[in-house]
Structures are given as structure tokens and as C-alpha cells.
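Chain residues, written in single-letter form:
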Amino acid sequence: MNKVKIYNKVKENDVVTSFYIKSEDGKELKKNEAGQFIAIKPIKDGENKSAIRQYSLSMKPGEDFYRISIKREEHGLVSRYMHDNVQIGDTVEISDPLGNFILKESNKPLVLLSGGIGVTPMMSMLYKAVEQKRDVIFVQAVLNSTAHTFKDEINSIKNDNTNVKTAIFYQNPLESDKKGKDYDFEGVATKEWIEENLPKDGDFYFCGPLGFMKHVYDTLRGMDVSEDAINYEMFGPSKNLANL
């Protein structure tokens, strides 16, 4: 584990906060691949000081900092500690970037789908795809504006890059949420919507709650999308969606 410093803390919405990390001694952080995560050990005192959790890196690969964007979970020991106790200037311990859920080289259209906090590795992949000038469809499903992570950041990327298209789903919009401005579709990305709007010849990457991922996986297989074009990562114990 490496000692690093929190140099910025940004509240993204009602449930997600981003933490910006740089090395404590000024050394260069190890470069990450789009989609990777780091392990973090933030608790210094008490019986839980050995607690370690993994969080996806959500910034553009190759930056001189790391960004992890953490959803506060009501019963989440480390997520609550990060939100409530870790402040700018604090030191924590982290691993180097880890994981095999990475964006592969390809000329196919790229489809990135996320549910909730599953957007974090998708953001890193979006930045990498923009750098590669790939055609991208970025599909994001959230509850409503209270849980819409990276809204302005994604809009900025889309506005600056004609090869990026987005489709934002709000499951339960607030009265103040405006269709066509804050989101594109009410409800969920149905089987019919996916079949009618996403390319069968694309590369698909997705992350989110298990039910969301199983729905996406089954729909893609029903469209005869090949297994090697379907890529996903679970937050928690790994499962094979084909067997669920």
C-alpha cells in the first residue's frame, strides 16, 4: 500500500462524493488503464483500522492524480468513513491500479452502460474512447437528479465531441427535473429500447446493480451480440451473468 494525500473533495450529488488523490511525497502515481480500480485503507484508529475497500478510478487515464467517486452506503463502513471523516489534506493508504476490466483496442462502435454508481469505471472508459476518437454511445440510468453523478462533466464531453452520444434515464424524476434538459427518458432502458437504439456490431461495457447487468446481458445475447463483445464488472463477488 502507498501513502497518498487527499487534495480535493467534491460532493457530486446527494449520495456520491469524489476524492482527488496525489502522492504524499510528490512521486508520480502509477498510470491506470481505463476501467481499473484501487484498494483504499482510510481508517487509522479503532478496531476497523484494517478495513480495505476497492473503488473504480473515474478520471481520465494518465492524469497526475487519481479520482475515486464513492456512494455513501447506509451500512457501508468505509464509504461512511470516507464521506464523514476524510477531509482535504488527510493521508490514506492505497494500492496501485488493479483489475482486468479495461477498455480493449477496437474500431467497433463503443457502448457504455451504467446503473447508479456503476458509472465510475464508465467515465474512465469514456475519456479514453474520446482520446481514441471512437464513436461512443453513453447510456446512464439513475434514480433522478439527486443521484445523477457527473451530469455536467458528461454534458461537457458530449458537447465538445461530435462522436459522443448520450442517453440518460431517470427512473423516478422529480417535479423539478426537466425532460430534454436533465434527462432523456423516464423509466428504465427496456429490452425494446436497447434493441432499437444500440448497434448489434458494437463493443459493450456495463456496470451497475446485479439486476441491471443481468437485464443488459440477457438483452444483448438475445440480439446475438457475441460473448467477446460483452464486458462487465461487478461491485462485489464476481458472478457469471450467463448462469444467473
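Residues numbered from 1 in each chain as written. Predicted model: local features only at pLDDT ≥ 70, side-chain atom pairs only at ≥ 80, totals over all residues. Heavy atoms only, no water.

A few points about the UniProt feature "domain: FAD-binding FR-type" (unreviewed entry) in the chain
So the rule is basically this: UniProt positions are given in the numbering used here, feature names are shortened, and annotations may be inferred rather than shown by experiment. Strands here mean DSSP runs of E at least two residues long; helices mean DSSP runs of H or I at least four residues long; both are numbered from the N terminus.
Mapped onto this structure's residue numbering, the UniProt feature "domain: FAD-binding FR-type" (unreviewed entry) falls at residues 1-104. A distance of 27 Å separates the end C-alpha atoms of residues 1-104, which is 9% helix and 36% strand.

As for the packing of helix α2 (residues 119-131) against helix α3 (residues 151-160)
Our working definition: For helices, the fitted line uses only the C-alpha atoms of the stretch in contact; every axis is such a line through C-alpha atoms, and the angle between N-to-C directions lies from 0 to 180 degrees. Orientation categories follow fixed angle ranges, with anything under 35 degrees roughly parallel, anything over 145 roughly antiparallel, 65 to 115 roughly perpendicular, and all other angles oblique. Left-handed is the label given to a crossing in which the near helix is rotated counterclockwise from the far helix by less than a right angle, and right-handed is the label when the rotation is clockwise. Contacts are assigned to residue pairs with any non-hydrogen atoms lying within 4.5 Å of each other. Under the grouping applied here, Gly and all other residues not named as nonpolar or charged are polar, the nonpolar ones being Ala, Val, Leu, Ile, Met, Phe, Trp, Tyr, Cys and Pro and the charged ones Asp, Glu, Lys and Arg.
At a closest axis distance of 12 Å, the pairing of α2 and α3 adopts a crossing angle of 15°. Compared by their axis directions, α2 and α3 come out roughly parallel. Here α2 and α3 pass one another in a crossing that is left-handed. Contact residues: α2 offers Met123, Leu126, Tyr127 and Val130, while α3 offers Glu153, Ile154 and Ile157. Partitioning the contact of α2 with α3 into residue classes produces 6 nonpolar, no polar and 1 charged.

Some details on the sheet that holds strand β5 (residues 66-71)
Put simply, the rule is: The rule for pairing is simple: two strands pair if DSSP sees at least two bridges between them.
Here we have 6 strands laid out as an open sheet, ordered β4-β3-β6-β1-β2-β5, and antiparallel in their pairing. At either end of the open sheet lies a strand with only one pairing partner, and these are β4 (53-56) and β5. Pairwise comparison of adjacent strand axes, ignoring direction, gives a mean angle of 45° for this sheet. Pairing of strand β1 (residues 2-11) with strand β2 (residues 16-23) involves 7 bridges; the strand directions are antiparallel. When the bridges of β2 are listed, Lys11 appears paired with Thr17. Against the sheet, helix α1 (residues 77-85) engages β1, β2, β3 (37-41), β4 and β5, with an angle of about 110° to β5.

Some remarks on helix α5 (residues 210-222)
Spelled out, the test is: Expected helix span is given by 1.5 Å per residue-to-residue step, counting one fewer step than there are residues. Here's how the labels work: a residue is buried when its accessible area is under 20% of the maximum for its type, exposed when over 50%, partly exposed in between, all with a 1.4 Å probe on protein chains only.
Spanning 13 residues, α5 covers 18 Å between terminal C-alpha atoms, matching the ideal 18 Å at 1.5 Å per step. Every buried residue of α5 is listed here: Phe212, Met213, Lys214, Val216, Tyr217, Thr219 and Leu220. Structurally, α5 contributes buried residues whose contacts are with β7 (110-115), β8 (136-142), α4 (191-197), β11 (203-207) and β12 (230-233). The positive-phi residue at the C-terminal boundary of α5 is Asp224, with phi of around 65°.

Focus on the pairing of β2
Counting buried positions along β2 gives 7 out of 8 residues, so the element sits mostly inside the fold. A loop of 4 residues connects β1 with β2, the two strands running antiparallel in sequence. Inspection of the sheet shows β2 paired to β5 by 6 bridges, in the antiparallel sense. The partner of Tyr20 across the bridge, within β5, is Arg67.

Focus on α2
A rise of 1.5 Å per residue sets the reference length of α2, with its 13 residues, at 18 Å; its end C-alpha atoms lie 18 Å apart and thus fit the reference within 8%. Most of α2 sits inside the fold, with 10 of its 13 residues counted as buried. A positive phi of about 60° marks Lys133, the residue just after α2.

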